[in-house]
Amino acid sequence: MHAQVPIIDYDFLAVPPSVQVNKVVPLPDGRILVGGFFMNYAGSGKNHLVRLNNDGTVDASWNTSGAGPSNQVMDIAVMSDGRIVIAGNFVTYNGVNSYFITRLLPNGDRDPTFNIPPNAINGAVLAIDVQSHNKVVAVGEFFVCYGHSMPYIARFLVDGAVDLAFDIGSGFNAVTRDVLVLPDDRILVGGDFGSYNGNSSWGLALLTAEGPYDTGMVMDPGFTGGFGTVRKVMRQPNGKIIVGGSFAFHNGQPSHALARIHLDGSRDPAFTSPFYPFAGILALAVDDAGHVFAGGEFTDGMYDPNVPGPGRFIRLQPNGTRDDVAYDVGEGPGPGQEPTSFVRDIAIQTDGKVLLGGFFGSFHNPAETQYRNLIRLHPEAATGIDESGAALNLHVLVDTNTGELLVTDPFGTPGSTLRLHDAVGRLLLERSLPPTDGAPVRVGHGLPAGTYVVGITNGGRLAHARVVTGTW
């Protein structure tokens, strides 16, 4: 059995996606959208996009019409009416032509009133956001839309047609990687570019709501040095902008991989990056206390000053200083069988729990390898976790000779009921347990390799555990 890491939320029962996760979106009802590059998630038949229940099990009621997108999902945006826009490099959704962007109904079915026909976009869409009138702003690797020159940015009308009134001029001169629509509908774009419509603006540009360059933000020369790229842009509730990527300078001043700026382009001196310039920030989030969560492909030695810390994920104080003592994630997400790993997205639920998605094979390696590519963490580290909550930990071992689970009833009194579910929530076994003296009960003879949830209830009390078989 694996040792437990206190920061991990073991009540989150998600099966590891097969390759990687690019986006995690908590929904208002507590369920979670997960998009990325994976096939037949947890045996559900869903590819590249799935909705999970709050406990991480598959929501089988969502998108009952097909397998979903035909290829990788890079971004997800939820509209105010609950409809969902997804983007990536897919060309169909549930078998219907849907080139790189499609809109879904809240139940996961494709919205037939939004159509982008075959070959209308000539490259992958990496990020999207929605303006107040439900027009979709898209950025990425494309430069032609519907036969029109649209270098690396375009806006689409509510029916999926390209919006020719969106005035971008000559557009960007290189790939765009993130887009953020501000409350006033102005648009922030981050990427590899050095200019927008002839205006010098390296890595980050502010556009007016209708597309022209907004000269109110001074970004000359912008984010330079390192690899000179912005990968993530996020707005704090106070209106300040956090920018992450791989860069060494902001407007000529040292600023390593992470910066906080005002909308006029000036840097916030109250925030200092703890990173080395080549750290590679891919994901950002902020909690209600103002902590900044940063994820990416940085290693434990990419801090400045060079004091080792967790790789690929860390929580920072509101001023940018490291907070990895109070919020101890150990070594953080790490590689599994592959030589590289990274965190691609971070999302914070309303209860403060933190969702991480990306490409990683362990957490606090090598202590925990059950959660790969998708994990949920407690809002605080071990000292802040109430381990005695309503659900108790259940002790389960696996007999590798028979595949049976050896379950120890923590109650040991009359009235215990054991239930065994598979990864997609199907009940495989239910039986009453006699009073025990601590001896384990054998269940599930001949279980195939996979992930299972074992629960025992007794008088309103619950003990449960997630177990992975066939991994030796």
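**Describing the side chain of Arg 51**
Okay, so step 1: Following the sequence through the fold, Arg 51 ends up in strand 3 (residues 49-52).
Okay, so step 2: Assessed through its relative accessible area of 8%, Arg 51 is described here as buried.
Okay, so step 3: Side-chain polar atoms of Arg 51 contact the side chain of Asp 59, separated by 2.7 Å.

**Notes on the sheet that holds strand 21 (residues 241-246)**
Okay, so step 1: Spatially, three strands are ordered 20-21-24 in an open sheet, and the strand pairing comes out antiparallel. Whereas interior strands pair on both sides, the edge strands pair on one side only; in this sheet they are strand 20 (229-235) and strand 24 (258-261). On average, each strand axis in the sheet is inclined to that of its neighbour by 25°, with strand direction left out of account.
Okay, so step 2: Pairing between strand 20 and strand 21: six bridges, direction antiparallel. Residue pairing in the sheet places Lys 232 in a bridge with Gly 244 of strand 21.

**What to know about the confidence of the model for the chain**
Okay, so step 1: Averaged over all residues, the pLDDT of the chain is 91; the fraction at 70 or higher stands at 94%.
Okay, so step 2: Predicted confidence is poor over residues 382-391, with pLDDT under 50, and the contacts of this stretch with residues over four places away or in other chains come to nine contacts.

**Thoughts on the packing of aromatic side chains**
Okay, so step 1: Tallied over the entire structure, the rule returns 17 aromatic pairs.
Okay, so step 2: Seen in terms of ring centroids, Phe 227 and Phe 278 are 5.3 Å apart; in terms of plane orientation they differ by 85°. Their pairing is edge-to-face. With Phe 227 in the loop between strand 19 (223-224) and strand 20 and Phe 278 in the loop between strand 24 and strand 25 (281-286), the pair connects residues that are 51 residues apart, well separated along the chain.
Okay, so step 3: What makes Phe 227 exposed here is its relative accessible area of 62%.
Okay, so step 4: With relative accessibility at 36%, the residue Phe 278 sits in the partly exposed group.
Okay, so step 5: Ring plane angle 40° and centroid distance 5.7 Å describe the contact between Phe 342 and Phe 359, whose orientation is recorded as tilted. Of this pair, Phe 342 sits in strand 29 (residues 342-348) while Phe 359 sits in strand 30 (residues 354-359), placing them 17 residues apart in sequence. Here Phe 342 and Phe 359 have matching classes, each one buried.

**Structural notes on the environment of Phe 293**
Okay, so step 1: Looking at the secondary structure, you find Phe 293 in strand 26 (residues 292-296).
Okay, so step 2: Classification of Phe 293 by relative accessible area gives buried; the value is 2%.
Okay, so step 3: Residues Phe 293 and Leu 316, 23 residues apart in the sequence, show an inter-C-alpha distance of 6.2 Å.
Okay, so step 4: Setting aside its immediate chain neighbours within four residues, Phe 293 contacts Ala 283, Leu 284, Ala 285, Asp 287, Phe 313, Ile 314, Arg 315, Tyr 327, Ile 346, Ile 348 and Val 354.

**Quick look at the pairing of strand 21**
Okay, so step 1: Judged by how many residues are buried, strand 21 sits mostly within the fold: six of six residues are covered.
Okay, so step 2: Burial along strand 21 is two-sided: the face carrying Ile 241, Val 243 and Gly 245 and the face carrying Ile 242, Gly 244 and Ser 246 are both buried.
Okay, so step 3: Linking two consecutive strands that pair antiparallel, namely strand 20 and strand 21, is a turn of five residues; a positive phi of about 95° is found at Gly 239 within it.
Okay, so step 4: For strand 21 and strand 24, the ladder comprises four bridges, and the chain directions are antiparallel. From the neighbouring strand, Gly 244 faces strand 24, where its bridge partner is Leu 258.

**Describing the environment of Tyr 196**
Okay, so step 1: Mapped onto the fold, Tyr 196 is located in strand 16 (residues 195-196).
Okay, so step 2: Counting along the chain gives 11 residues from Tyr 196 to Leu 207, while the straight-line C-alpha distance between them is 9.2 Å.
Okay, so step 3: With near-sequence residues (within four places) excluded, Tyr 196 lies in contact with Ile 153, Asp 167, Ile 168, Gly 171, Phe 172, Ala 205, Leu 207, Gly 211, Pro 212 and Tyr 213.
Okay, so step 4: Here Gly 211 takes part through its backbone oxygen, which lies 2.5 Å from a polar atom of the side chain of Tyr 196.

Cut-offs and rules
- Residues numbered from 1 in each chain as written.
- Predicted model: local features only at pLDDT ≥ 70, side-chain atom pairs only at ≥ 80, totals over all residues.
- Heavy atoms only, no water.
- Helix = DSSP H or I, 4+ residues; strand = E, 2+ residues; numbered from the N terminus.
- Buried < 20%, exposed > 50% of the residue type's maximum accessible area, 1.4 Å probe, protein only.
- Polar contact = N/O pair within 3.5 Å; in protein donor to acceptor, adjacent residues only side chain to side chain.
- Pairing = 2+ DSSP bridges.
- Axes fitted to C-alpha atoms, helices over the stretch in contact; angles between N-to-C directions.
- pLDDT = per-residue confidence, 0-100.
- Contact = heavy atoms within 4.5 Å.
- Phe/Tyr/Trp six-rings, centres within 6.5 Å; stacked < 30°, edge-to-face > 60°.

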